[in-house]
Amino acid sequence: MFKPIWKALACTLALSALSTAMAADPVIIKFSHVVAEQTPKGQGAMLFKKLVEERLPGKVKVEVYPNSSLFGDGKEMEALLLGDVQMIAPSLAKFEHYTKSVQLFDLPFLFDDISAVDRFQLSPEGQKLLKSMESKNITGLAYWHNGMKQLSANKPLREPKDARGLKFRVQASAVLEEQFKAVNANPRKMSFAEVYQGLQTGVVNGAENPYSNIYSQKMHEVQKYITESNHGVLDYMLITNTKFWNGLPPDIRTELDKILVEVTTHVNNEAAQLNQKDKQRILDAKTTEIITLTPQERGEWRDKMKPVWKKFEGDIGADLIKAAEASNKAQ
């Protein structure tokens, strides 16, 4: 007489388990970043959301928080490690406390252009850096371009001596501090969200950014000159919490990997075009003069800043610097 009862109970439990599985909440990926939506990173985050929700409907939901609306520069890494967000894309300058090797990307005048950056990032040495922080619960998923950096100030910067005494906003990076000290300027650490006001009020006199950051944050309205120096790269590493990532169902993680390859290709292709468009928009605004350096003038800046390489060679690794420098020559 108990068999029908047990069968009914087993059936009820099975249906309950099935119902629970079907009603399971989707995986939530909170993607926080500090820049505007119309920048390469901002557009990449929105494309990632779109493709994930198209291809993993009901399984994964992506929430994008731009412009420091959830966490700012100083808090987003902590938030990722605590699991308060699942994906961020900090500037490569932000990783020196987790691995010294990534300081490589801050070295001034190391890469001739964005094509050289591409070649290095796709090399075995570049790909290895993505996995260099997994012991600290940080997994690199991709490199996203923002672009080559230009110097901006309220006085024309044609020679290194023109920077003497100026206060430049820098990210929290020892390499970038030394870069400006090399030309007798004064580096000032400041979060990205505070830069416009800092320039407007004179707390800092200058900064370094790709054109897309300068235009989207309206820095050209408070900077009279931009020197097209292309002295460094401002790229991002798209990262996630290692435990979160490894804990995803394999089929979901595989699909997310595929989507990230697609999004990364799009972001990196669009970044160069957007920087050129924003350069033209700055010119059209007629608020700022863009100074083009001669090869000789650019060489003077390089000569003044290159000793910074030697200062950080021990931390970064001479072989890694050599591999990056070799990427300037197309294979």
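Note that the structure is predicted; figures quoted are calculated from it, not measured.

A short note on helix 10 (residues 250-285)
- Between the first and last C-alpha of helix 10 there are 50 Å, a value that for 36 residues agrees with the 52 Å anticipated at 1.5 Å per step.
- Of all bends in helix 10, the biggest is about 30°, found at Ala271.

A look at the side chain of Gln86
- Take Gln86: it is sitting in the loop between helix 3 (76-82) and strand 3 (87-88).
- In terms of polar contacts, Gln86 uses its side chain to reach the backbone carbonyl oxygen of Gly83, at 3.1 Å.
- Not counting the four nearest positions on each side in its chain, Gln86 is found in contact with Ile28, Ile29, Lys30, Leu80, Ile239, Thr240, Asn241 and Phe244.

Concerning empty space enclosed by the protein
- In this structure the tally under the stated criterion is two cavities of 30 Å³ or more.
- Of the pockets and cavities examined, the largest cavity occupies roughly 100 Å³.
- In terms of lining, the largest cavity is formed by Val34, Val35, Lys41, Asp73, Ser91, Lys94, Arg169, Gln171, Phe192, Asn213, Leu234 and Tyr236.
- Looking at side-chain class alone, the lining of the largest cavity contains five nonpolar, three polar and four charged residues.
- Reported here for the second largest cavity is a volume of approximately 30 Å³.

A few points about the pattern of salt bridges
- Taken as a whole and judged by the stated rule, the model has 13 salt bridges.
- With a closest N to O distance of 4.0 Å, Glu159 and Lys161 form a salt bridge.
- Note on Glu159: relative accessible area 32%, which makes it partly exposed.
- With a closest N to O distance of 2.9 Å, Lys279 and Glu228 form a salt bridge. Taken as a pair, Lys279 in helix 10 and Glu228 in strand 9 (residues 225-228) lie far apart in primary sequence, 51 residues in all. As far as the burial class goes, Lys279 and Glu228 line up, both buried.
- Each of Glu178, Lys181 and Lys311 takes part in salt bridges that share partners, so that together they form one network.

Quick word on the environment of Asn268
- With respect to the element layout, Asn268 can be found in helix 10.
- Separated by 122 residues in sequence, Asn268 and Asn146 place their C-alpha atoms 7.7 Å apart.
- Those residues in contact with Asn268 that lie beyond four places of it in its chain are Asp118, Tyr143, Trp144 and His145.

Brief notes about the environment of Lys311
- Following the sequence through the fold, Lys311 ends up in helix 12 (residues 307-316).
- Between the alpha carbons of Lys311 and Glu178 there is a distance of 8.8 Å; along the sequence they are 133 residues apart.
- Within polar-contact distance, the side chain of Lys311 engages the side chain of Glu178 at 3.0 Å.

A word on the sheet that holds strand 10 (residues 233-241)
- The strand order 2-1-3-10-4 describes an open sheet built from five strands, whose pairing is mixed. Either end of the sheet is taken by a strand with one partner, and the two such strands are strand 2 (60-65) and strand 4 (138-148).
- With six bridges joining them, strand 1 (residues 27-32) and strand 2 adopt parallel strand pairing. Opposite Val27, over in strand 2, you have Val60 as the bridge partner.
- On the sheet, helix 4 (residues 114-121) packs against strand 4 and strand 10 and is oriented at approximately 165° with respect to strand 4.
- Seen against the sheet, helix 10 touches strand 1, strand 2, strand 4 and strand 10 and runs at an angle of roughly 15° to strand 4.

Comments concerning unusual backbone geometry
- Notably, Phe109 is not glycine yet its phi reads approximately 60°, a positive angle.
- Of note, Phe109 is situated in the loop between strand 3 and helix 4.
- Owing to a relative accessible area of 2%, Phe109 belongs among the buried residues under this scheme.

Focus on the confidence of the model for the protein
- On average, residues of the protein score 92 in pLDDT, and 93% of them reach the 70 mark or higher.
- For the stretch residues 16-22, pLDDT sits under 50, and the model shows zero contacts to residues farther than four places along the chain or on other chains.

With respect to the packing of aromatic side chains
- One pass over the full model with this rule turns up seven aromatic pairs.
- Aromatic side chains Phe111 and Phe120 sit 6.1 Å apart centroid to centroid with 45° between the ring planes, which places their arrangement in the tilted category.
- The exposure class assigned to Phe120 is buried, which follows from its relative accessible area of 1%.
- By the ring-pair criterion, three or more aromatic residues cluster together here, those being Phe105, Phe111, Phe120 and Tyr143.
- Residue placement shows Lys41 over the ring face of Tyr236; its charged tip is 3.7 Å from the ring centre.

About the thresholds
Residues numbered from 1 in each chain as written. Predicted model: local features only at pLDDT ≥ 70, side-chain atom pairs only at ≥ 80, totals over all residues. Heavy atoms only, no water. Helix = DSSP H or I, 4+ residues; strand = E, 2+ residues; numbered from the N terminus. Expected span 1.5 Å × (residues − 1). Bend = angle between axes of the 7 residues up to and from the residue. Polar contact = N/O pair within 3.5 Å; in protein donor to acceptor, adjacent residues only side chain to side chain. Contact = heavy atoms within 4.5 Å. 1 Å grid on protein atoms, 1.4 Å probe; cavity = no way out; pocket = protein on both sides within 12 Å on 5 of 7 lines; lining within 4 Å. Points joined across faces, edges and corners; volume = space filled by probe spheres on them. Nonpolar A, V, L, I, M, F, W, Y, C, P; charged D, E, K, R; others polar. Salt bridge = Lys/Arg side-chain N within 4 Å of Asp/Glu carboxyl O. Buried < 20%, exposed > 50% of the residue type's maximum accessible area, 1.4 Å probe, protein only. Pairing = 2+ DSSP bridges. Axes fitted to C-alpha atoms, helices over the stretch in contact; angles between N-to-C directions. pLDDT = per-residue confidence, 0-100. Phe/Tyr/Trp six-rings, centres within 6.5 Å; stacked < 30°, edge-to-face > 60°. Lys NZ or Arg CZ within 6 Å of the ring centre and 35° of its normal.

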